[in-house]
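Geometric and topological summary
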Amino acid sequence: MGSILSLSVITSALELGFIYSLVALALFLSYSLLNIADLSTDGCFTLGCAVGAQVAIMGHPILALFAAMLAGVCSGLIMALLQTKLGVESILAGIIVNTGLYTVNLAAMGFSSNLSLFKAETVFGMFKELIGAQWYKLFVAVAVVIIVSLVLVWFLGTSLGLSIRATGDNEDMVRASSINPKFTLTVGLCISGSLTALSGCLIGQYQKTCDINLGTGMVTIALASLIIGETLIGSGSVQKRIVGVVFGSCLYRFVIAIALRLHVPAECLKLISALIVAIAIASPYLKEQVAFRRRKRAELQSRKGGE
């Protein structure tokens, strides 16, 4: 086991886990709080990577983060407008936005299928000499996630944040309280899109490359991380749930890292992701069934003992 989980493997898994946790936090906002299945995640992730890569190539790696987030806000806004103004169901709206973003992403990349950032300065490289060659990427990833998490915890505690949380719980109650649920839904989806795009931008600078198919399957990865965190950490306060999401993302990357070290073909990783999601979703139900069978068995034994 020690040879499988070497220091470099652990470090790499943590780096990717923290970066991808931003997408999981985006789904936490849209899926867990707003009860919206946002299928535009794949395209929005690539959008953030493409926009961020172009800005980083121009020599502005930090500005690239904010540019990517702004692009993600635009994606979330379109997603929200389709639902609130045109009455499109959330799943269909996500499919429409995700399909349209493919062309938008190609345009952002100069109609090239990939971009190279090997000659460009990245936000990770800016801290290489300050932190050290081994830990600088992990430091940047952790710092960004901590900042985003703290801002998210603060925001969800404000009146607008509480309104967003209430919209997912009971939209009719929110409307009866003179709060516009369409506005809260729009704000929530815009923030969710910005987090997804920020993660894509960081991945692009982390890998120093951007590919048009980079975001394929991202919604599955994020959903796996989200469900793993909620299953293991459980529900509770917003702080606890956010910590659970980040933990789930890191744990998911450890599972993938171990699979790669065991020479599982890369083509099978999507299947592993799907299995992880299925197991994580089914685990609460399976626990209930196991507990029910134990109680039933105990009752039968007690009846036989009474006879």
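Refer to the structure presented above.
Residues numbered from 1 in each chain as written. Predicted model: local features only at pLDDT ≥ 70, side-chain atom pairs only at ≥ 80, totals over all residues. Heavy atoms only, no water.

**A few points about the nonpolar core**
Core analysis: the biggest nonpolar cluster contains 86 residues, and L22, L25, F124, L156 and L202 have the highest contact counts within it. When residues of this core are assigned to their parent elements, the largest contribution, 13 residues, is made by helix α1 (residues 7-33). With near-sequence residues (within four places) excluded, L25 lies in contact with V148, S149, L152, L195, I242 and V245. (Core = buried A, V, L, I, M, F, W, Y, C linked by side-chain atoms within 4.5 Å. Buried < 20%, exposed > 50% of the residue type's maximum accessible area, 1.4 Å probe, protein only. Helix = DSSP H or I, 4+ residues; strand = E, 2+ residues; numbered from the N terminus. Contact = heavy atoms within 4.5 Å.)

**Focus: the layout of surface pockets**
Quantified by volume, the largest pocket comes out at close to 490 Å³. Forming the boundary of the largest pocket are 19 residues, of which M69, V144, I147, V148 and L198 lie nearest the centre. Taken together, the elements giving at least two residues each to the lining of the largest pocket come down to α3 (61-84), α6 (136-156) and α9 (181-207). Broken down by element, the lining of the largest pocket gets its largest block of residues, 9 residues, from α6. Its residues assigned to classes, the lining of the largest pocket comprises 18 nonpolar, 1 polar and no charged. Taken as a whole, the second largest pocket encloses approximately 260 Å³ of empty space. What lines the second largest pocket is a set of 14 residues, and nearest its centre among them are Y20, T216, I221, R253 and K270. Breaking the lining of the second largest pocket down by element, the ones donating at least two residues are α10 (218-233), α11 (238-261) and α12 (269-306). Residue classes in the lining of the second largest pocket are distributed as 8 nonpolar, 4 polar and 2 charged. (1 Å grid on protein atoms, 1.4 Å probe; cavity = no way out; pocket = protein on both sides within 12 Å on 5 of 7 lines; lining within 4 Å. Points joined across faces, edges and corners; volume = space filled by probe spheres on them. Nonpolar A, V, L, I, M, F, W, Y, C, P; charged D, E, K, R; others polar.)

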